[in-house]
Amino acid sequence: MGMSAASAGGIGRGGRGHRRRGRHHGLMSEINVTPMVDVMLVLLIIFMVAAPLLTVGVPIDLPDTQAKALNVDTQPITVSINATGQIYLQETEIPIEELVAKLQAISKTGYDERIFIRGDKSTDYGTAMKVMARISAAGYKNIGLVSLQEQDQ
């Protein structure tokens, strides 16, 4: 009628007490932030390199002049004319008939808003004059032409 100690309570080598000691590892509740920081730093570097490349959306070959650069506090409205005569308001292509209406819709300070015209150096002079005439006839008085500074050769 006697029981051995090993089989009775599980205290021996193969009993439950030994298994509990072996499985003493709990769930790890700490978050490892190092991979997340690495990914964020890589994304930061990618955006820092890519951001300056996205500033001008319309590829235009500007003419060279001897004029000095302007110090501008606010971002002006930009109208671009490429070599084939297509007109862009900021980076969006628009027909010349809609130019004045779009300018009035996005203008913040009314007719005192600064408007820059960027024309490719191979643009037809008549197209550039049509764009300037429409902007001027709409009441805008602060119109400027954008060019590159001449490089000393």
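Residues numbered from 1 in each chain as written. Predicted model: local features only at pLDDT ≥ 70, side-chain atom pairs only at ≥ 80, totals over all residues. Heavy atoms only, no water.

(A) Local environment of the nonpolar core. Counting residues in hydrophobic clusters, the biggest one holds 16 residues, and the most contacted among them are Val79, Leu99, Leu103, Ile115, Val131 and Ile135. Among the elements of the structure, β2 (77–81), β3 (87–89), α4 (99–106), β5 (115–119) and α5 (125–137) are those that each provide at least two residues to this core. Apart from residues lying up to four places away in sequence, Val79 is in contact with Ile87, Tyr88, Leu89, Leu99, Leu103, Ile115, Phe116, Ile117, Arg118, Val131 and Ile135. (Core = buried A, V, L, I, M, F, W, Y, C linked by side-chain atoms within 4.5 Å. Buried < 20%, exposed > 50% of the residue type's maximum accessible area, 1.4 Å probe, protein only. Helix = DSSP H or I, 4+ residues; strand = E, 2+ residues; numbered from the N terminus. Contact = heavy atoms within 4.5 Å.)

(B) Quick peek at a nonpolar patch on the surface. Together, Val33, Met36, Val37, Val39, Met40, Leu41, Val42, Leu43, Leu44, Ile46, Phe47 and Met48 make up an exposed nonpolar region whose accessible area comes to about 1200 Å². Tracing the backbone through its elements, the reader meets Val39 in helix α3 (residues 34–50). With relative accessibility at 49%, the residue Val39 sits in the partly exposed group. (Patch = residues over 30% accessible without salt bridge, like charges linked within 9 Å, V, L, I, M, F, W, Y side chains within 5 Å. Areas by Shrake-Rupley, 256 points an atom, 1.4 Å probe, with all protein chains shown as cover. Salt bridge = Lys/Arg side-chain N within 4 Å of Asp/Glu carboxyl O.)

(C) View of the environment of Ile96. Along the chain, Ile96 turns up in the loop between β4 (92–94) and α4. Judged by relative accessible area, Ile96 falls into the buried class, the value being 17%. Sequence separation between Ile96 and Val131 is 35 residues; the distance between their C-alpha atoms is 7.1 Å. If sequence neighbours within four positions are ignored, Ile96 has contacts with Ile87, Lys130, Val131 and Arg134.

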